[in-house]
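# Survey of secondary and tertiary structure
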Amino acid sequence: MSVSVKPLSLIYNEKSGFHAANKDEIYEQLMTNLTAYGYEIQTFEISAESDFNSLMEKIISRHQQAEEIGIVVAAGGDGTLNTVATKLMTTDIPIGILPLGTFNYVARLLHIPLDLLEAAEVIAKGQIRKVHVAQINDHIYLNNASLGLYPLFIQRRELYNRRFGRFTLHAYTSALDVLIRDRKELKLEVQIDGKKYPVKTPLIFFGNNQLQLAEMNLRIAKCAELGKVAGVVVAKSDKRTLFKILWQLIRGKLDHAPDVYSFSADNVQIHSKAKKLTLALDGEIVEMQPPLHISVRKHALKIMVPHDSTSV
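To keep things clear, this report deals only with the structure shown in the data block. In this text the structure is predicted, and so the values were computed from the model without any measurement. (Residues numbered from 1 in each chain as written. Predicted model: local features only at pLDDT ≥ 70, side-chain atom pairs only at ≥ 80, totals over all residues. Heavy atoms only, no water.)

## Remarks on the overall build of the protein
How we decide: Each helix corresponds to a stretch of at least 4 residues labelled H or I by DSSP, and each strand to a stretch of at least 2 residues labelled E; elements are numbered beginning at the N terminus. The buried label applies to any residue whose accessible area, calculated with a 1.4 Å probe on protein chains only, is under 20% of its type's maximum; exposed applies above 50%, and partly exposed to all values in between. Working rule for contacts: check all heavy atoms of both residues, and any pair within 4.5 Å makes them a contact. Each accessible area value is a Shrake-Rupley result obtained with a 1.4 Å probe; residue values ignore everything except the protein chains displayed when judging cover.
Along the backbone of the protein there are 10 helices and 16 strands. Counting all 312 residues of the protein, 53% fall into the buried class. Long-range pairs, those at least 24 residues apart, make up 72% of the contacts in the protein between residues at least 6 apart in sequence. Surface accessibility of the protein: about 15,200 Å² in total, with carbon and sulfur atoms responsible for 49%.

## Things to note about the sheet that holds strand β14 (residues 277-281)
The following threshold applies: Two strands pair if DSSP finds at least two bridges between them. Here an angle of 0 to 180 degrees is reported between the N-to-C directions of two axes, which are lines fitted to C-alpha atoms, with helices fitted over the stretch in contact.
A sheet is described by the order of its strands in space; here six strands give the open sequence β12-β11-β10-β7-β14-β15, paired in antiparallel fashion. Each edge of the sheet is formed by a strand with only one pairing partner; in this case those strands are β12 (260-265) and β15 (284-288). The mean inter-strand angle of the sheet, taken between neighbouring strand axes irrespective of direction, is 20°. With three bridges connecting them, strand β7 (residues 144-148) and β14 associate as antiparallel partners. The residue bridging Leu-147 from the neighbouring strand is Leu-279, located in β14.

## Topic: the nonpolar core
Quick reminder of the rule: Take the buried Ala, Val, Leu, Ile, Met, Phe, Trp, Tyr and Cys residues and link them wherever side-chain atoms come within 4.5 Å; each set so joined is a nonpolar core.
In terms of nonpolar packing, the biggest core is built from 49 residues, with Leu-10, Ile-11, Ile-95, Leu-98, Leu-301 and Ile-303 touching the most fellow members. Within the second largest apolar cluster, 26 residues are counted, among which are Leu-186, Ile-192, Ile-270 and Val-286.

## Quick notes on empty space enclosed by the protein
Filter applied, for reference: Cavities and pockets were defined on a 1 Å grid built from protein atoms only: a cavity is a group of points that admits a 1.4 Å probe but offers it no way out, a pocket is an open group of points flanked by protein on both sides within 12 Å along at least five of seven lines, and a lining residue is one with an atom within 4 Å of any such point. Grid points are joined across faces, edges and corners, and a volume is the space filled by probe spheres set on the points. Classification used: nonpolar for Ala, Val, Leu, Ile, Met, Phe, Trp, Tyr, Cys and Pro, charged for Asp, Glu, Lys and Arg, polar for all others including Gly.
The tally for this structure, following the rule as stated, stands at two cavities of 30 Å³ or more. Considering only enclosed or pocket space, the largest cavity measures out at about 110 Å³ in volume. Around the largest cavity, the lining is made up of 11 residues, and of these Leu-109, Val-131, His-132, Leu-142 and Asn-208 lie nearest the centre. Elements with a contribution of two residues or more to the lining of the largest cavity: α4 (105-109) and β5 (127-136). Each residue belonging to the lining of the largest cavity can be placed in one class, and the counts come to seven nonpolar, four polar and no charged. Each pocket or cavity is described by its volume, and for the second largest cavity that value is around 60 Å³. For the second largest cavity, the full set of lining residues is Ala-74, Ala-75, Gly-76, Gly-77, Asp-78, Thr-80, Leu-81, Ile-97, Pro-99, Asn-104, Val-106 and Ala-107. Elements represented by at least two residues in the lining of the second largest cavity include exactly β3 (71-76), α3 (78-88), β4 (95-99) and α4. For the lining of the second largest cavity, the residue count by class is seven nonpolar, four polar and one charged.

## Description of the packing of aromatic side chains
Test applied: For this analysis, a ring pair means two rings from Phe, Tyr or Trp (six-membered ring only for Trp) whose centres lie within 6.5 Å, classed as stacked if their planes differ by under 30 degrees, edge-to-face if by over 60, and tilted for the remaining angles.
Applying the stated criterion across every chain yields a total of two aromatic pairs. Both rings, one in Phe-103 and one in Tyr-105, keep their centres 5.7 Å apart while their planes meet at 10°; by these two values the pair is stacked. You can call Phe-103 partly exposed: its relative accessible area is 22%. Residues Phe-206 and Phe-263 carry aromatic rings whose centres are separated by 6.1 Å and whose planes lie at 85° to one another, so their mutual orientation is edge-to-face.

## A closer look at the side chain of Thr-201
Note the cut-off: N or O atoms within 3.5 Å of each other form a polar contact, as long as, within protein, one can give a hydrogen and the other can take it, and as long as residues adjacent in sequence are counted only when both atoms are side-chain atoms.
When you line up the elements, Thr-201 lands in strand β9 (residues 195-201). There is a polar contact of 2.7 Å between the side chain of Thr-201 and the backbone oxygen of Leu-203. With residues near it in sequence (within four places) discarded, Thr-201 still touches Lys-184, Glu-185, Leu-186, Leu-188, Val-233 and Val-234.

## Examining the environment of Asp-51
Relative to the assigned elements, Asp-51 resides in the loop between β2 (39-45) and α2 (52-65). By relative accessible area, which is 40% here, Asp-51 ends up partly exposed. In terms of polar contacts, Asp-51 uses its side chain to reach the backbone amide nitrogen of Asn-53, at 3.2 Å.

## Quick look at the packing of helix α1 (residues 24-36) against helix α5 (residues 116-125)
Note the cut-off: Here is the rule for angles: anything less than 35 degrees is roughly parallel, anything more than 145 is roughly antiparallel, 65 through 115 is roughly perpendicular, and the remaining ranges are oblique. Throughout, a crossing is termed right-handed when the near helix is turned clockwise from the far one, and left-handed when it is turned anticlockwise from it by less than a right angle.
Following both chains from N to C, one finds α1 and α5 inclined at 20°, their axes separated by 10 Å at the closest point. As summarised for this structure, α1 and α5 are arranged roughly parallel, according to the angle between their axes. The way α1 lies across α5 gives a crossing that is right-handed. Here Ile-26, Tyr-27, Gln-29, Leu-30, Asn-33 and Leu-34 of α1 come into contact with α5, specifically with Leu-116, Leu-117, Ala-120, Glu-121, Ile-123 and Ala-124. Here the residues of the contact of α1 with α5 sort into nine nonpolar, two polar and one charged.

Structure representation (structure tokens):
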């Protein structure tokens, strides 16, 4: 009797450290283990592809035409996961996660092991969970989206990472650097479930990952869990206030920071006279034309998780 072969497409980001020299043996064992579960593996490196949309169309077609739909695996950080998830949301193909990022908030929230061989076991033997996906216009975010200072933090952090290597500390040193050198204020009109508010802010932040919000000690973490748009607005832009906010963020007590206001809603719109707004979406910088329409698509993405993982 012939054994049905299941397709597994592994999409990785070389920048995340996949195929690092000191992990060659781990990756070889990982491939061996997944093959033993009946998966036919093909690998794809994101930056090596000139047309990622065309690549994903081919990958999706491969899975949809197979006898068993199989799994598409994202190997990298949450930015890589976001890129892959954007293309798979409208399909029935589940995503497996090999966490190789700095924070790995999605994997941690879903109790996916950070050990790669253990994460591969979840991909092969776990269960499918449908999770909420937040959306701004045509883009999604699994963890967070932000305007103002935070995109500057991301850009400075990546500069530090390229110079000195990837360390969690850079998330805070880059923020400190930006507060010392760069401060700007956005003039926006924020519409929350139909009610409009004029806002002058150096930072507006939206979170979709309740673990990240809980680590910041934000009360809106529960709102994100329920599929609401969860937002934070900073009301002042003077340096003293911003340093206090950074200090409370480091301590995990952002709700106690001065002039920080959190809210939740079903729908949020952001209007601006600016032609373009710079956002950070799951650590990636994107420019969008306002108005911005923010909502949450509930249970929109299938992810392989451990059997004992609680619902999200």
